[in-house]
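Single-letter residue listing:
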Amino acid sequence: MTILYDLCGIGNAITDVLAKVSFDFLEAQGLVAGSMTLIDEDRVKTLRDAVQVECETGGGSAANTCVTAAQLGARVAYLGKVSGDTAGNAFSDDMRGCGVTFPSKPLDGRLGANLATASCIVLITPDGQRTMCTYLGACTQFSPEDVLPDVIASSSIVYLEGYLFDPPHAQEAFRRAATLAHNAGRQVSLSLSDPFCVGRHRDAFLDLIKGHIDILFANENEICALYQTDKFETAARHVAEDTTFAALTRSEQGSVVIRGGERVDVAPVPTQVVDTTGAGDAYAAGFLTGLTSNRSLEECGRLASLAASEVISHYGARPLSNPWKDAGF
């Protein structure tokens, strides 16, 4: 089948609600700074009423990656589950307006799943770190049937969002996507997403990585959580044994790209940190867009760092400008 898309993302289709809060607020709410906590719809309303909203946008980790990749010039598709409510319609319109093909059907309420489109309250502390409280809603209904064979087979790289591992049928859907992609001669990429998510599904993630994943993305906390170590270099050695290709981000220390026996250390791009929401998403977008346009590992890492640095310099998880173009690429 002809390649129509450089990238197809699969993940939780979520609307993001961003708010600045103090560390005391997190403590009062019983939240761990920098974590992602699953909450119910009532808690979403309670938290939203307790904060001053900075902005509200379409979101979800893989969706952010897809939008950023499209902005950088990639051909992109996205699969995710929304409800047929106002938020779901807005999410769909937003993705398509950003140049991303979004062929997923909304949740059919007649099936008994009367769930709202997912939302995430993103609480940003003075250090720019984000603490996320996520109501999964319609995302919990994403199933293997939502993995569209024609879209997968016509995508050069299929990108799986680790956060989606929490809903009941997601692991089965991931394996179906990986099988379809590999049968069509395509590559499969995975983002670990969150160290707490890794802790909940460590064995399943390891099994997926060893048997189905061609390109792994993780930050330092996530990869250390996966291998139950507090030493990055130990985790890096383990991941080199378990997969042939990994891109590991280390915040202000830049990133490390490992492919086969090759290791590339990528310097960070200095910027003023305002909000780290979407940093890893943008990094993956830059890297995969570079990879599908036949860039070297060094260039892919540099382009990824440029995308991440742009996103963390302002509120919101998507670029306000094209960092590649601004840098002369």
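Rules used throughout
Residues numbered from 1 in each chain as written. Predicted model: local features only at pLDDT ≥ 70, side-chain atom pairs only at ≥ 80, totals over all residues. Heavy atoms only, no water. Axes fitted to C-alpha atoms, helices over the stretch in contact; angles between N-to-C directions. Helix = DSSP H or I, 4+ residues; strand = E, 2+ residues; numbered from the N terminus. Parallel < 35°, antiparallel > 145°, perpendicular 65-115°, else oblique. Contact = heavy atoms within 4.5 Å. Nonpolar A, V, L, I, M, F, W, Y, C, P; charged D, E, K, R; others polar. Pairing = 2+ DSSP bridges. Expected span 1.5 Å × (residues − 1). Buried < 20%, exposed > 50% of the residue type's maximum accessible area, 1.4 Å probe, protein only. Left-handed = near helix turned anticlockwise from the far one by under 90°. Polar contact = N/O pair within 3.5 Å; in protein donor to acceptor, adjacent residues only side chain to side chain. Salt bridge = Lys/Arg side-chain N within 4 Å of Asp/Glu carboxyl O.

Looking at an unreviewed UniProt entry, one finds the chain named Adenosine kinase and attributed to Acetobacter aceti NBRC 14818.

Draft legend 1. Seen up close, the packing of helix α6 (residues 170-183) against helix α8 (residues 202-212). Where α6 meets α8, the closest approach of the two axes is 11 Å, and the angle between their N-to-C directions is 5 degrees. The orientation of α6 with respect to α8, classified from their angle, is roughly parallel. In this structure, α6 uses Gln171, Phe174, Arg175, Ala178 and His182 to contact α8, whose residues at the interface are Ala204, Asp207, Leu208 and His212. Here the contact of α6 with α8 is composed, by residue class, of 4 nonpolar, 3 polar and 2 charged.

Draft legend 2. Examining the sheet that holds strand β7 (residues 118-124) more closely. Read across the open sheet, the 5 strands follow the order β3-β8-β7-β2-β4; overall the sheet is mixed. Two strands close off the open sheet at either side, each with one partner strand: β3 (36-38) and β4 (53-59). Adjacent strand axes in the sheet meet at a mean angle of 20 degrees, parallel and antiparallel pairs treated alike. Pairing analysis gives 6 bridges linking strand β2 (residues 14-20) to β4, with the strands arranged antiparallel. Bridging from a neighbouring strand, Thr15 pairs with Gly58 of β4. With respect to the sheet, helix α2 (residues 41-50) is in contact with β2, β4, β7 and β8 (130-135), its orientation differing from that of β7 by roughly 35 degrees.

Draft legend 3. Spotlight on helix α11 (residues 279-292). In a regular helix each residue adds 1.5 Å, so 14 residues correspond to 20 Å; α11 covers 20 Å between its end C-alpha atoms and thus fits that length. Residues Asp281, Ala282, Tyr283, Ala284, Ala285, Gly286, Phe287, Leu288, Thr289, Gly290 and Leu291 constitute the buried set of α11. Remark: Asn294 follows α11 within two positions and exhibits a positive phi of approximately 65 degrees.

Draft legend 4. View of the packing of α11 against helix α12 (residues 297-311). In contact at an axis separation of 7 Å, α11 and α12 are set at 145 degrees when each is read in the N-to-C sense. Taken as a pair, α11 and α12 cross one another with a handedness that is right-handed. Residues Ala279, Ala282, Tyr283, Gly286, Phe287, Gly290 and Leu291 of α11 form the contact with α12, whose participating residues are Leu297, Cys300, Gly301, Leu303, Ala304, Ser305, Ala307, Ala308 and Val311. A class-by-class count of the residues in the contact of α11 with α12 yields 12 nonpolar, 4 polar and no charged.

Draft legend 5. Examining the side chain of Thr125 more closely. On the secondary structure map, Thr125 appears in the loop between β7 and β8. By relative accessible area, Thr125 is classed as buried at 4%. Polar contacts involving the side chain of Thr125 include one to the side chain of Asp127, which spans 2.7 Å. Those residues in contact with Thr125 that lie beyond four places of it in its chain are Val21, Ser22, Phe23 and Leu26.

Draft legend 6. Structural detail: the side chain of Thr134. For Thr134, the position within the fold is in strand β8. Judged by relative accessible area, which is 5%, Thr134 ranks as buried. When near neighbours in sequence (up to four residues on either side) are disregarded, Thr134 contacts Ile14, Met36, Thr37, Leu38, Ile39, Ser119 and Cys120.

Draft legend 7. Examining the environment of Gly278 more closely. Following the sequence through the fold, Gly278 ends up in the loop between β14 (262-266) and α11. The exposure class of Gly278 is buried, given its relative accessible area of 6%. Here the alpha-carbon distance between Gly278 and Leu26, two residues 252 residues apart in the chain, equals 20 Å. In this view, Gly278 contacts Arg130, Val311 and Ala317; residues no more than four positions away in its chain are not counted.

Draft legend 8. Structural detail: unusual backbone geometry. At Gln228, a residue that is not glycine, the phi angle is positive and equals roughly 50 degrees. In this structure, Gln228 sits in the loop between α9 (220-226) and α10 (232-242). The backbone of Asn294 sits at a positive phi, close to 65 degrees, despite the residue not being glycine. Mapped onto the elements of the fold, Asn294 is located in the loop between α11 and α12. Given the relative accessible area of 72%, Asn294 is considered exposed.

Draft legend 9. Local environment of the pattern of salt bridges. What the rule picks out here adds up to 10 salt bridges. The residue Glu220 makes a salt bridge to Arg250 at a minimum N-O spacing of 3.2 Å. Here Glu220, found in helix α9, pairs with Arg250, found in the loop between β12 (245-249) and β13 (255-259); they are 30 residues apart in sequence, far enough to count as distant. Assessed through its relative accessible area of 16%, Arg250 is described here as buried. With a closest N to O distance of 3.6 Å, Asp230 and Lys231 form a salt bridge.

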